[in-house]
Amino acid sequence: MADIRILIVEDDPFIAMDIEYAVMEKLGDRAELIVVESVEEARRAAATPVSCALLDIDVVGGKTFDIAASLLDRGTPIAFVSGSTPSDVPLPLRAVRFLRKPFSTREIVNFVSGALKVH
């Protein structure tokens, strides 16, 4: 198991692949990517320690706000990667980094690099 574990919650397989590609280009095999498409899968994945998380807001089974709050409570860096608007995010989560779709791979890499402090 890799020391770096990154949770990606995205229900569009093509967008998930874009995010995976961006992260793998930066980190290669140093990272384990946990890619899930539903709130239920995300809850299970987030029950174990992750280094950072990239969360779509609207996925299979609902919204990821509870998962985001739980990860933040544990000090896990997160970013929302969403077609929603920042104003759709509940007030307690508005300080979370927000990457609007369509995103650039550079935005993904910058977030992950900063969260993990790798350059």
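Residues numbered from 1 in each chain as written. Predicted model: local features only at pLDDT ≥ 70, side-chain atom pairs only at ≥ 80, totals over all residues. Heavy atoms only, no water.

Caption draft 1: Main features of the overall build of the chain. Scanning the chain from terminus to terminus reveals four helices and seven strands. Shown N-terminal to C-terminal, the secondary structure of the chain runs as helices and strands in the order β-α-β-α-β-β-β-α-β-β-α. Over its C-alpha atoms the chain spans a radius of gyration of 13 Å, differing by no more than 12% from the 14 Å that the globule rule assigns to 119 residues. Counting only C-alpha atoms and orienting by the principal axes, one finds that the chain spans roughly 35 × 30 × 25 Å. Evaluated residue by residue, the chain yields a buried proportion of 47% over its 119 residues. Sequence separation of at least 24 residues holds for 64% of the intrachain contacts in the chain that already meet a minimum separation of 6. Treating the 13 positive side-chain charges of the chain as one cloud and the 18 negative ones as another, the clouds have centres 7 Å apart. (Helix = DSSP H or I, 4+ residues; strand = E, 2+ residues; numbered from the N terminus. Rg over C-alpha atoms; globule rule 2.2 N^0.38 Å. Buried < 20%, exposed > 50% of the residue type's maximum accessible area, 1.4 Å probe, protein only. Contact = heavy atoms within 4.5 Å. Lys, Arg positive; Asp, Glu negative; His and termini not counted. Charge placed at Lys NZ, Arg CZ, Asp CG, Glu CD.)

Caption draft 2: Quick look at the packing of helix H2 (residues 39-46) against helix H3 (residues 65-73). Closest axis-to-axis distance for the H2/H3 pair is 10 Å, and the angle between their directions is 10°. The orientation of H2 with respect to H3, classified from their angle, is roughly parallel. Taken together, the residues of H3 that come into contact with H2 (itself represented by Val-39, Ala-42, Arg-43 and Ala-46) are Asp-66, Ile-67 and Leu-71. (Axes fitted to C-alpha atoms, helices over the stretch in contact; angles between N-to-C directions. Parallel < 35°, antiparallel > 145°, perpendicular 65-115°, else oblique.)

Caption draft 3: The arrangement of the environment of Leu-93 in detail. Relative to the elements of secondary structure, Leu-93 occurs in the loop between strand E6 (78-82) and strand E7 (97-100). Separated by 21 residues in the primary sequence, Leu-93 and Leu-72 have C-alpha atoms spaced 8.9 Å apart. Beyond its immediate chain neighbours, meaning those up to four positions away, Leu-93 contacts Phe-65, Ala-68, Ala-69, Leu-72 and Phe-80.

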